[in-house]
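# Observations on chain architecture
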Amino acid sequence: MARRSKNGDASFIMQGSILAIASIVSRIVGLLYRVPLTATIGDSGNGYYAAAYEIYNIILLISSYSIPLAVSKLVSARIAKGHVKDATRVLHGALIFAFISGGLAAGVVYFGAEFFTGVILKKSLAAIALKVLAPTLLVVAVLGVFRGFFQGLGTMIPSAISQIGEQIVNAIVSVVAANALFSYGKKVGGVLGDVDEYAAAFGAAGGTLGTSTGAFFALIFILFIFYAFSKMLKKMVKRDKHRSTESYFEIFSVLILTILPVLLSTTVYNISSLIDQGIFNNVSLLQGYSEKESNALFGIFAGKYRVLINVPLAIASAMATSIVPSLTSAFNSGDEKLVRKQVNMGNRFVMIVAFPCAVGMMVLSSPIMQLLFNDSSRTASMMFVIGGCSIVFYSLSTLSNAILQGIDRMIIPVKNAFIALVAHVLVLLALMFIFDLNIYAVVVANAFYALMMCFLNQSAVLRYSGAYIDIRRVVLAPFEASAIMGVIVLLMYKTFNALFALALSVRIANAIACLLSILIGAIVYFLALFFFKGIDEETLLKFPGGARLCDIAYSLHLLR
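Structure report, in brief.

Rules and cut-offs
- Residues numbered from 1 in each chain as written.
- Predicted model: local features only at pLDDT ≥ 70, side-chain atom pairs only at ≥ 80, totals over all residues.
- Heavy atoms only, no water.
- Helix = DSSP H or I, 4+ residues; strand = E, 2+ residues; numbered from the N terminus.
- Rg over C-alpha atoms; globule rule 2.2 N^0.38 Å.
- Buried < 20%, exposed > 50% of the residue type's maximum accessible area, 1.4 Å probe, protein only.
- Contact = heavy atoms within 4.5 Å.
- Lys, Arg positive; Asp, Glu negative; His and termini not counted.
- Charge placed at Lys NZ, Arg CZ, Asp CG, Glu CD.
- Axes fitted to C-alpha atoms, helices over the stretch in contact; angles between N-to-C directions.
- Parallel < 35°, antiparallel > 145°, perpendicular 65-115°, else oblique.
- Left-handed = near helix turned anticlockwise from the far one by under 90°.
- Nonpolar A, V, L, I, M, F, W, Y, C, P; charged D, E, K, R; others polar.
- Salt bridge = Lys/Arg side-chain N within 4 Å of Asp/Glu carboxyl O.
- Core = buried A, V, L, I, M, F, W, Y, C linked by side-chain atoms within 4.5 Å.
- Polar contact = N/O pair within 3.5 Å; in protein donor to acceptor, adjacent residues only side chain to side chain.
- Patch = residues over 30% accessible without salt bridge, like charges linked within 9 Å, V, L, I, M, F, W, Y side chains within 5 Å.
- Areas by Shrake-Rupley, 256 points an atom, 1.4 Å probe, with all protein chains shown as cover.
- 1 Å grid on protein atoms, 1.4 Å probe; cavity = no way out; pocket = protein on both sides within 12 Å on 5 of 7 lines; lining within 4 Å.
- Points joined across faces, edges and corners; volume = space filled by probe spheres on them.

### Brief notes about the overall build of the chain
Each helix and strand counted, the chain has 21 helices and zero strands in total. Computed over C-alpha atoms, the radius of gyration of the chain comes to 24 Å, within 12% of the 24 Å expected from 2.2 N^0.38 for 560 residues, which places it in the range of a compact globule. With the principal axes as the frame, the chain shows a C-alpha extent of 70 × 60 × 45 Å. Across the 560 residues that make up the chain, the buried fraction comes to 57%. In the chain, the proportion of contacts linking residues at least 24 apart, taken out of those at least 6 apart, comes to 83%. Counting 42 positive and 26 negative side-chain charges, the chain places the centres of these two groups 9 Å from one another.

### Things to note about the packing of helix 3 (residues 84-111) against helix 6 (residues 136-152)
Direction vectors running N to C along helix 3 and helix 6 enclose 160 degrees, while the axes themselves pass 7 Å from each other. Our classification of the angle between helix 3 and helix 6 gives roughly antiparallel. Considering how the two elements wind past one another, helix 3 and helix 6 form a crossing that is right-handed. When helix 3 is examined against helix 6, the residues Ala87, Leu91, Ala94, Leu95, Ala98, Phe99, Gly102, Gly103, Ala105, Ala106 and Val109 are found in contact with a partner set consisting of Leu137, Leu138, Ala141, Val142, Val145, Phe146 and Phe149.

### Comments concerning helix 13 (residues 365-373)
Regarding helix 13, the residues found buried are Ser365, Pro367, Ile368, Met369, Leu372 and Phe373. Asn374 occupies a position one or two residues after helix 13 and carries a positive phi of about 55 degrees.

### Let's talk about the environment of Phe349
With respect to the element layout, Phe349 can be found in helix 12 (residues 336-363). For the pair Phe349 and Ile535, spaced 186 residues apart in sequence, the C-alpha separation works out to 9.4 Å.

### Description of the packing of helix 16 (residues 411-433) against helix 17 (residues 439-465)
Put simply, helix 16 and helix 17 touch, their axes get as near as 8 Å, and they point 155 degrees apart. Here helix 16 is positioned roughly antiparallel relative to helix 17, judged by the angle of their axes. In this structure, the crossing between helix 16 and helix 17 has a hand that is right-handed. A class-by-class count of the residues in the contact of helix 16 with helix 17 yields 22 nonpolar, four polar and no charged.

### Topic: the environment of Gln370
Structurally, Gln370 can be placed in helix 13. Residues Gln370 and Cys514, 144 residues apart in the sequence, show an inter-C-alpha distance of 9.7 Å. For Gln370, the contacting residues outside a window of four places in its chain are Asp375, Ser376, Arg507 and Asn510.

### Concerning the pattern of salt bridges
Proximity of charged atoms lets side chains of opposite charge pair with each other. Overall, the coordinates contain six salt bridges when judged by the stated rule. For Lys131, the salt bridge identified is with Glu114, shortest N-O distance 2.9 Å. Placement of Lys131 in helix 5 (residues 127-133) and of Glu114 in helix 4 (residues 113-120) is noted, with a sequence separation of 17 residues between them. The structure contains a network of salt bridges with shared partners spanning Asp43, Lys304 and Asp375.

### Observations concerning the nonpolar core
Core analysis: the biggest nonpolar cluster contains 92 residues, and Phe301, Leu308, Met351, Met383, Ile439 and Leu540 have the highest contact counts within it. Sort the elements by how many residues they give to this core and helix 11 (residues 291-332) lands first, with 14 residues. If you look at the next biggest cluster of nonpolar residues, it comprises 74 residues, including Ala52, Val140, Phe149 and Leu263.

### A word on the side chain of Arg348
As for its placement among the helices and strands, Arg348 is situated in helix 12. The buried category is assigned to Arg348, whose relative accessible area is 7%. Within polar-contact distance, the side chain of Arg348 engages the backbone oxygen of Gly534 at 3.5 Å.

### Considerations on a nonpolar patch on the surface
A contiguous nonpolar patch, built from Leu286, Phe433, Ile434, Phe435 and Leu437 and spanning about 570 Å² of accessible area, is present on the exposed surface. Locating Leu437 in the fold gives a position in the loop between helix 16 and helix 17.

### Here we look at the layout of surface pockets
Each pocket or cavity is described by its volume, and for the second largest pocket that value is around 290 Å³. Together, 16 residues line the second largest pocket, and Met351, Leu396, Cys454, Gln458 and Val475 are the ones closest to its centre. If you list the elements that add at least two residues to the lining of the second largest pocket, you get helix 12, helix 15 (390-406), helix 17 and helix 18 (471-500). Looking at which element gives the most residues to the lining of the second largest pocket, the answer is helix 17, with five residues. Its residues placed into classes, the lining of the second largest pocket shows 14 nonpolar, two polar and no charged.

This is how it looks when you write it as structure tokens:
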């Protein structure tokens, strides 16, 4: 048996894997609770939920979304030099910033809810859900500081555990509160003359109450972790003998200078969803669709399509979060070889996961919709067929965004996001006005935006990092393996579904056939990756359970 690589488990890939597992678990929990939530509030409720969330997300981006990344970057740079005192000053300065920015954001959202939802998005009833979300902005800002601090120290475990706990609490409260407020909304609607819409709007507010409660739970948990860690932190501070401690003025200056580029980049990068909803709602009304129809269609897009698409994207987000501290440390120490290696490994890791997820969702779009949402409509399944490829593009662009920030090229993602956003808006308008594609125009435009960001960011990464991407191993191998997997999965599903339909109900037959074909697809993809030389021992060991996977590969003579 060949000798195995002894790369340390503390590498950014391993830390990224920890956070990726937590993100995947969180997204799965989020996906599972959206099933009963959607069953309660319907597509109209999902439309109100999405409208409130779009406004919340944009204000979150502006006020505090960039805080964890900025704190992580600044703390890791100081820890790498042994300047623990300065790292703690970054924490204190960031907390002051978070209380100010988060508090202001919460006030703006609460008192401006009617303007945002009624005037901008043409969904006035979504203000109920948005007001419930408002206090979360302050909680998330403070939570982000502590998560960024621990990430800067090189550990993703506090972030990972708090993320899972947050989502579990979110799921429980969302479902319970949605049911309770949906019933209350019926009573309100009975008085005001629109039972269905008021019930959906109040039900959506129940869903957002889960988000607020989950974030508060995560903050309490991470504060407990920080309290337990504080004794060790004091010892680290005592061992720090350097005298030229940074002033708080210097800390605030560098914090703001770090946050602003990240803020601009993430805002422009993520604002497309709000623009999509604004354009879609207004153009749909001009084209003769009712507010109820357009709200339901966007509810399918936001509450089903985008929720599922975001599950595999959690891998890229986790890898992006973990790569910034290690890249910053390697870049500041002038280790160009390590920078190039981390860029290559990050891209390879993400592509191994993104390609099969994209192909699987495109091939099994209708069965998955029936399994999760009991939705056999052509509209829902076609969204995945058309837009499934965006999983690959968004994964790469998310990772490359973080890589550029890690090597101090933070303005480049801002420029790239702005260019892609302008092109995205033009494409969306053309698809809606000229080709009359309605909600499919949003799906295509999103995929185009992701493709543009992927191309622009990856070009900049290769230019400034000096990394070389092995197209054969990073792109072609997972693509070929995924293509074979897709064909077999489709054949297996059709065979199983036909057999089980003879003895079981349509829904149960679909569920069993879908789950069995996914399991077979995972095995086929694993084997095909080795056949196309898309994975080796070093890469496999970086995955969770990598040693066990290597044992299996050796026993099957896939590795020699």
